[in-house]
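So the chains spell out like this:
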Amino acid sequence: MWEMALSRLDATMAILGLNDGMQKYLREPRKIIEVAIPVKMDSSIIEIFKGYRVQHDTNRGPAKGGIRYHQDVTLDEIKALAMLMTWKCAVVGIPFGGAKGGVIVDPTKISINELEKITRRYIFEIIENIGPEKDIPAPDVGTNAQVMAWILDTYSMDKGHSVPGVVTGKPICLGGSQGREEATSRGCVYTILSTLKVLGIDAACLNVVVQGFGNVGSNAAKILFDLGHRIIGLSDVTGAIHNPGGIDPYKVADYIKSGKTLASYPEAQAIGREAIFEIKCDILVPAALENQITASNAAKIKAKIIAEGANGPVTPDADPILAGSNIFIIPDVLCNAGGVTVSYFEWVQGNLAYFWGKREVNLKLRDIMEKAFYDVYNASQKKKVDMRTAASLIAVDRVAEAVTLRGIYP
Ligand code: NAD
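Residues numbered from 1 in each chain as written. Predicted model: local features only at pLDDT ≥ 70, side-chain atom pairs only at ≥ 80, totals over all residues. Heavy atoms only, no water.

Quick look at the site of the ligand
Turning to step 1, where the next piece is worked out: Taken together, the neighbourhood of the ligand is formed by 25 residues, with Arg68, Asp140, Thr184, Val216 and Asn311 sitting nearest.
Turning to step 2, where the next piece is worked out: Between the ligand and valine 216, the relevant distance is 2.9 Å, taken from an oxygen atom to a main-chain nitrogen or oxygen of the residue.
Turning to step 3, where the next piece is worked out: A distance of 3.4 Å is found between an oxygen atom of the ligand and a backbone nitrogen or oxygen belonging to glycine 309.
Turning to step 4, where the next piece is worked out: When the free accessible area of the ligand is taken as 830 Å², the share hidden by the protein chains comes to 86%.
Turning to step 5, where the next piece is worked out: Counting residues per element, the ones that place at least two in the shell around the ligand are helix H7 (215–226) and strand S7 (230–236).
Turning to step 6, where the next piece is worked out: Per-class residue counts for the shell around the ligand are eight nonpolar, 11 polar and six charged.
Turning to step 7, where the next piece is worked out: In this structure, the shell around the ligand is formed jointly by two domains, domain 1 (29–166) and domain 2 (183–330), each of which donates at least three residues. (Near = heavy atom within 4 Å. Polar contact = N/O pair within 3.5 Å; in protein donor to acceptor, adjacent residues only side chain to side chain. Areas by Shrake-Rupley, 256 points an atom, 1.4 Å probe, with all protein chains shown as cover. Helix = DSSP H or I, 4+ residues; strand = E, 2+ residues; numbered from the N terminus. Nonpolar A, V, L, I, M, F, W, Y, C, P; charged D, E, K, R; others polar. Domains from an automatic or database assignment.)

See the structure below:
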């Protein structure tokens, strides 16, 4: 994933004509932290988990990015995701740089007590490097509002007072923002609605397929369902389901909550997990993990629009194949930027101790997402490049401008 991020950056910098020094500067993360996290497990055995925090850039503001708990976390992946956060914050014009954290652990295989211990020790190990003015973590794959509450508490205990601005994606009662939980999906839907406008597609009832049924995927499916669209395919790590007549994502969520698997949902046909990409649809939302749409399956996709809810779901070698099929891609740095945007709102509200209602949050989110969409779309039309390249050009240019204006210290 790191090679992929660098190759996309190199292509962008070449188009922008950035000098060698700036190219070197933007390729390197500012800080890479690797920590060992010792934890006394419920069995009394001591286990050591490996954790990372990477700050790619802080020229436009404090570093910002989620924390991922997953057994396949690698430093390269975290470096790539941190860089992606830099571009994402720049595309939507919020005053943050980019960061990402990760711990190599399968959170589904440990107890809640062990999860809390891992979180608190991980934060203790990186505590000097985070803070409301330095680096502000948030949820990502495998972490949630409860994990953010432990982060808030650990940091606040260390400082001797409550510091709500240290983390976003917190529970509402601890200073979380209204609308944060579904913000990534809501932002993704705003970019889809703008896409339908520019493509002149009648937005009455479109067929939608969503890969991944976690925070981003399930909320995207629910919001699109509420808007009257037909969810015809869903998948998660357990498998995939298809029903051309439509699937109610609320019922699927309740079914999973009752302890059953998505793949066994009775009101749809179970299909292979990979077959999710072969369903003919109007909108495909990959909202699972990176590298899902590759050169080997891209040609099978029969969607009009791909809205990248996940980070890096399409590999660079799949892009030209999708372009050849005339598929409009809403790139990740734009499409899933709603989460970090409402995280920004949460940070602002926490620092001011003044909280907004959900309507205000959603309206402000819509304004930012629509402006960012049209910035990218207009650039793509003007420069005759695809949406991914246009988003990248805008983001890298904004960060390079900040670096130039600030200069190199000392
Ligand atoms: P999550 O852990 O809540 O959900 C991930 C989902 O993907 C789960 O349903 C899991 O079962 C499913 N999944 C995993 N492997 C799969 C596979 N091979 N096939 C099908 N489904 C699979 O995570 P999330 O927070 O929803 O994040 C999903 C993606 O969105 C990630 O790429 C993340 O970086 C990105 N993202 C998340 C946010 C956020 O606010 N949560 C913001 C921006 C981007």
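Digging into the domain arrangement of the protein
Turning to step 1, where the next piece is worked out: Under the domain assignment, the protein is made up of domain 1 (29–166) and domain 2 (183–330).
Turning to step 2, where the next piece is worked out: For domain 1 and domain 2, the distance between their C-alpha centroids amounts to 28 Å.
Turning to step 3, where the next piece is worked out: Summed over both sides, the interface between domain 1 and domain 2 buries roughly 420 Å², with carbon and sulfur atoms accounting for 44% of that surface.
Turning to step 4, where the next piece is worked out: A per-residue breakdown of the area domain 1 buries against domain 2 is headed by Arg68, Leu84 and Val141, which together make up 45% of the total.
Turning to step 5, where the next piece is worked out: Inspection of the region where domain 1 meets domain 2 yields one salt bridge.
Turning to step 6, where the next piece is worked out: The partner of arginine 68 in a salt bridge is glutamate 290, with the nearest N and O atoms 3.1 Å apart.
Turning to step 7, where the next piece is worked out: Here domain 1 is connected to domain 2 by two residue pairs in polar contact (both at pLDDT 80 or more).
Turning to step 8, where the next piece is worked out: In terms of residues, the side of domain 1 that touches domain 2 owes the most to one element, helix H3 (residues 75–92), which gives four residues.
Turning to step 9, where the next piece is worked out: Per-class residue counts for the side of domain 1 that touches domain 2 are three nonpolar, one polar and five charged. (Buried area = accessible area lost by both parts, 1.4 Å probe. Salt bridge = Lys/Arg side-chain N within 4 Å of Asp/Glu carboxyl O.)

A word on the environment of isoleucine 118
Turning to step 1, where the next piece is worked out: Within the secondary structure layout, isoleucine 118 lies in helix H4 (residues 112–126).
Turning to step 2, where the next piece is worked out: For isoleucine 118, a relative accessible area of 0% translates into the label buried.
Turning to step 3, where the next piece is worked out: When the C-alpha atoms of isoleucine 118 and glycine 175 are compared, they prove to be 23 Å apart, with 57 residues separating the residues in sequence.
Turning to step 4, where the next piece is worked out: Excluding residues that lie within four positions of it along the chain, isoleucine 118 makes contacts with Ile37, Val39, Phe49, Val103, Val105 and Ile110. (Buried < 20%, exposed > 50% of the residue type's maximum accessible area, 1.4 Å probe, protein only. Contact = heavy atoms within 4.5 Å.)

Topic: the packing of helix H2 (residues 20–27) against helix H13 (residues 387–406)
Turning to step 1, where the next piece is worked out: As a packed pair, H2 and H13 sit with axes 11 Å apart at the nearest point and diverge in direction by 110°. One element, H2, and the other, H13, form an angle in the roughly perpendicular class. Between H2, through Met22, Tyr25 and Leu26, and H13, the contact on the second element is made entirely by Val396, Val399, Ala400, Val403 and Thr404. (Axes fitted to C-alpha atoms, helices over the stretch in contact; angles between N-to-C directions. Parallel < 35°, antiparallel > 145°, perpendicular 65-115°, else oblique.)

Details of the sheet that holds strand S11 (residues 305–307)
Turning to step 1, where the next piece is worked out: The strand order S9-S8-S7-S6-S10-S11-S12 describes an open sheet built from seven strands, whose pairing is mixed. Each edge of the open sheet is held by one strand with a lone partner, namely strand S9 (269–271) and strand S12 (328–330). Neighbour-to-neighbour, the strand axes of this sheet turn through a mean angle of 20°, independent of strand direction.
Turning to step 2, where the next piece is worked out: Inspection of the sheet shows S11 paired to S12 by three bridges, in the parallel sense. Within the sheet, the bridge partner assigned to alanine 307 lies in S12 and is isoleucine 330. (Pairing = 2+ DSSP bridges.)

A closer look at the pairing of strand S6 (residues 207–211)
Turning to step 1, where the next piece is worked out: With respect to burial, S6 is a largely interior element, four of its five residues being buried.
Turning to step 2, where the next piece is worked out: Both S6 and S7 contribute to a ladder of five bridges, which runs parallel. Following the sheet pairing, glutamine 211 is matched in S7 by serine 235.
Turning to step 3, where the next piece is worked out: Between the parallel pair S6 and S7, the chain is carried across by H7, and the sense of this crossover is right-handed.
Turning to step 4, where the next piece is worked out: Alignment of S6 against strand S10 (residues 283–286), held across four bridges, turns out to be parallel. Bridge pairing links valine 209 to leucine 284 in S10. (Right-handed = clockwise from strand over helix to strand, strands pointing away.)

Quick notes on the side chain of histidine 56
Turning to step 1, where the next piece is worked out: Residue position: histidine 56 is located in strand S2 (residues 46–57).
Turning to step 2, where the next piece is worked out: A polar side-chain atom of histidine 56 sits 2.8 Å from the main-chain carbonyl oxygen of leucine 26.

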